[in-house]
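Residues per chain, in single letters:
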Amino acid sequence: MKAYPRTTLGVALLYTAGGLAWLAAMGIAALWFRTILLSPHVNQAAGYAIAPLYYFLVTFHGQAAMMMIVEDISLSIFAFSLYKSNMSAQHFKLLTLSFFLINLPMIVTFAGGPTTGWYMYPPLSLQLGSWLYFGSFPAAIASKLVGLAYFMMFLNAIGTILASITLFVDGYKTRPREGKIPVFAAYGMAFGGALIFITEFALAAGELWYVLYFWASVPVNPLTWVVLFWFWGHPVVYYAPFAVFGGLYYYIPKFAGRALYSEKWARYNIVLLFTFSMLAWVHHLQTWPLPTVLRAFITPTTLILAAGSGLTVLNLGLTIATGKGYQWKNPIGLSALIALIGFILAGLQALILPINPLNVIVHNTYYVVGHFHLMIWTIIVVGYVSILLDMLASKMNGASLSSLGAGMVSGGVIMWTIGALLLGYTMSIAGYEGLIRRWVAYPVKFLSYMDWMTMFAMIMGASFVMYGLPVLLTLLGVKTSAFWETSGITGVSSTGGGPGVMASGTENRSVDHVNKPN
Amino acid sequence: MSEHRDWEKIWFVVMLVIVAAFVGYSFLGVVSGSTATYRFGLPLQSGVPKPLPNGTVIIYMEGVQWAWVPQNATQIIYLPNGTELQIPVSSNVITYINGFPYIKVYPNQPVEMVLYSNNVVHAFYIRLPHGPQNVNIVPGINSYSFFFAPSAPGNYTFHCAEYCGIGHSYMYGYLWVM
Ligand SMILES: [Cu+2]
């Protein structure tokens, strides 16, 4: 992995490294605040004492995830999808610059001690008291500093826009001269590219509005800001999973031993998912004082989007069902399969959410928290692992995982998914029973739910180490011989030179032995 | 090739039927108010019965960081000739115990909450045996919540459901069914 890559694969690996670094940090934050939640803090004095730390950790957890990890891994998948499709990145300087724009500026933001929550609603997020450190300065200085914190978030959004446009343009320029763009890369172009650079502008605009509030006294209208924010805040949850869909369309046929059941529908689905992912955002605001017609509008748009996801599941499910026996013993195949099954199980929870009369029952409760975490843990994390393993195999010049490496990854991913299902559903049951999200103090009847959640989270933490270790060490180039079978392949594979020395278009694609679907 | 087409078309039809059913159910809930939580839980007063039922107690409730402050209460009474009277009942209805507000109501009494915020976004959330109320409160805009008090006497906790700063989880009070 290089800090200034000059190959498409190198770009994919760099963004992976950024995503994994923040993932580790946000995971530690999650385990930390789960230990805080082991007490219901019935005593107000105790609750108020721990609350600032708790809400900082929650904010950090959410913002690292939504503003950096999601973007890093979506762009990483996008770059790798180009690599696998004989397309390539070209503007390496720009892509490296945007990588650092995405991943570094928000360190300043976090240093300011935000306790705003990741969706930083106004006017709470405009109160200097919501910033533990920056807010401790005299008001005149504090407001400049908080403005700076939001400016750094603005730079993060600009980095994301820059990266997605650059990769999109590069991908378009290097598209196949004859025939269509392969499905994997087409999903990369749509969801790691176009969807990001269209919707990320809403975030950038919202952040800039905050900057101007502090630096130029521009007033902020709460309702308008919130509607603007969710135009990014909703599509952002699709960047990664829909890019992963492209990967599943690529790997699942490979391990099912047949071509994709219907490539045509996979392509139609891009249009459906792309359009409707931008029409559903107000479903986050169903309990808000917005016109009834707007709240009614999102029910069909969200459900049509869900049906599009269902189409993906059907297409892939039929590919497996009509294939020659699925090779689930291969860690890449196993992860792709688990991601698909997890996506179905997490998707079922969501079916009641767009229904207006039912939404109010669970709005802002752990029900929703359980649903979206289960989505993240399965389709995003496990789906990403399957793509990442192939990425690392490419880095290792087409080597395959050793039995130790394969065992750690497969065992880790299975254990992770079991923990995820237990935790996700426990959260949802507690939410259905009335546990509201972001309570540092909660009614004692939820104590045993919280205990179990922490227990299951620890299972997930342990299994993350299990499958993350081979991944991390391979990425860093440490002890790789323990995890990879390199016999017969000594540094340079038979199909080309190592990554980092090849010109675009002729990069090593040693594990790419899948038949192109027709 | 032809055996492909069938499955996709079947899926498409199934999908349309499911979407239509869900949307229809949701739409009917919105329009007819068949779902208590939605009809009575909407902000912007949509779905709040007009005129309010006889005996409705109206609570003017402010959300602050971090407490619920019931500022005023009136009760709707209709005279035999139809004239609507709003009787001030604050001293009978609003009380504080250990610093937390209690709203005293009778079993099955109709309750309308007029909700507003002096600073940040809050949400009024109460779980009743016949369904929860869950309404966001945006500063500068009144939100409304209408419901019938439970028939069983007891204390029912109302909370803030929208994160509003570090005291968020201590923002609660009680509906006291006498
Ligand atoms: Cu509140």
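Residues numbered from 1 in each chain as written. Chains lettered and ligands numbered in written order. Predicted model: local features only at pLDDT ≥ 70, side-chain atom pairs only at ≥ 80, totals over all residues. Heavy atoms only, no water.

Considerations on the coordination of the copper ion
Six octahedral donors around a metal ideally subtend angles of 90 or 180 degrees, whereas four tetrahedral donors ideally subtend 109.5 degrees. Residue and element names in this part refer to chain B. Listed as protein donors to the copper ion are H122 (ND1), C160 (SG), C164 (SG) and M171 (SD); their distances from the metal cover 2.0 to 2.6 Å. Coordination at the copper ion comes from four donor atoms whose angles at the metal span 91 to 126°, giving a geometry best classed as tetrahedral. Along the chain, the residues that donate to the copper ion are spaced as H-x37-C-x3-C-x6-M. Remark: C164 occurs in the loop between strand 10 (154-160) and strand 11 (172-177) and H122 occurs in strand 7 (residues 122-128); sequence separation between them is 42 residues. Accessibility expressed as a relative area gives 0% for H122, which makes it buried. (Donors = N, O, S within 2.8 Å, 3.2 Å for Na, K, Ca; no water. Tetrahedral: all angles 85-135°; square planar, octahedral: opposite > 155°, others 65-115°. Helix = DSSP H or I, 4+ residues; strand = E, 2+ residues; numbered from the N terminus. Buried < 20%, exposed > 50% of the residue type's maximum accessible area, 1.4 Å probe, protein only.)

Comments concerning the pairing of strand 11 of chain B
All names here are of chain B. With five of six residues buried, strand 11 is to be regarded as a mostly interior element. Here strand 5 (residues 100-105) pairs with strand 11 via four bridges, running parallel. Of the residues in strand 11, the one forming a bridge with I103 is L175. Taken together, the six bridges between strand 10 and strand 11 define a ladder with antiparallel strand orientation. For N155, the partnering residue across the bridge sits in strand 11 and is W176. (Pairing = 2+ DSSP bridges.)

Quick word on the interface of chain B and chain A
Listed per partner, the contact involves 50 residues of chain B and 61 residues of chain A. Of the roughly 4700 Å² buried between chain B and chain A, counting both surfaces, carbon and sulfur atoms make up 67%. Our enumeration of links across chain B and chain A arrives at zero salt bridges. Summed over the shared surface of chain B and chain A, the number is 15 residue pairs in polar contact (both at pLDDT 80 or more). Sorting elements by how many residues they give to the side of chain B that touches chain A places helix 1 (residues 2-32) of chain B first, with 15 residues. Residues that form the side of chain B that touches chain A fall into these classes: 29 nonpolar, 16 polar and five charged. (Contact = heavy atoms within 4.5 Å. Buried area = accessible area lost by both parts, 1.4 Å probe. Salt bridge = Lys/Arg side-chain N within 4 Å of Asp/Glu carboxyl O. Polar contact = N/O pair within 3.5 Å; in protein donor to acceptor, adjacent residues only side chain to side chain. Nonpolar A, V, L, I, M, F, W, Y, C, P; charged D, E, K, R; others polar.)

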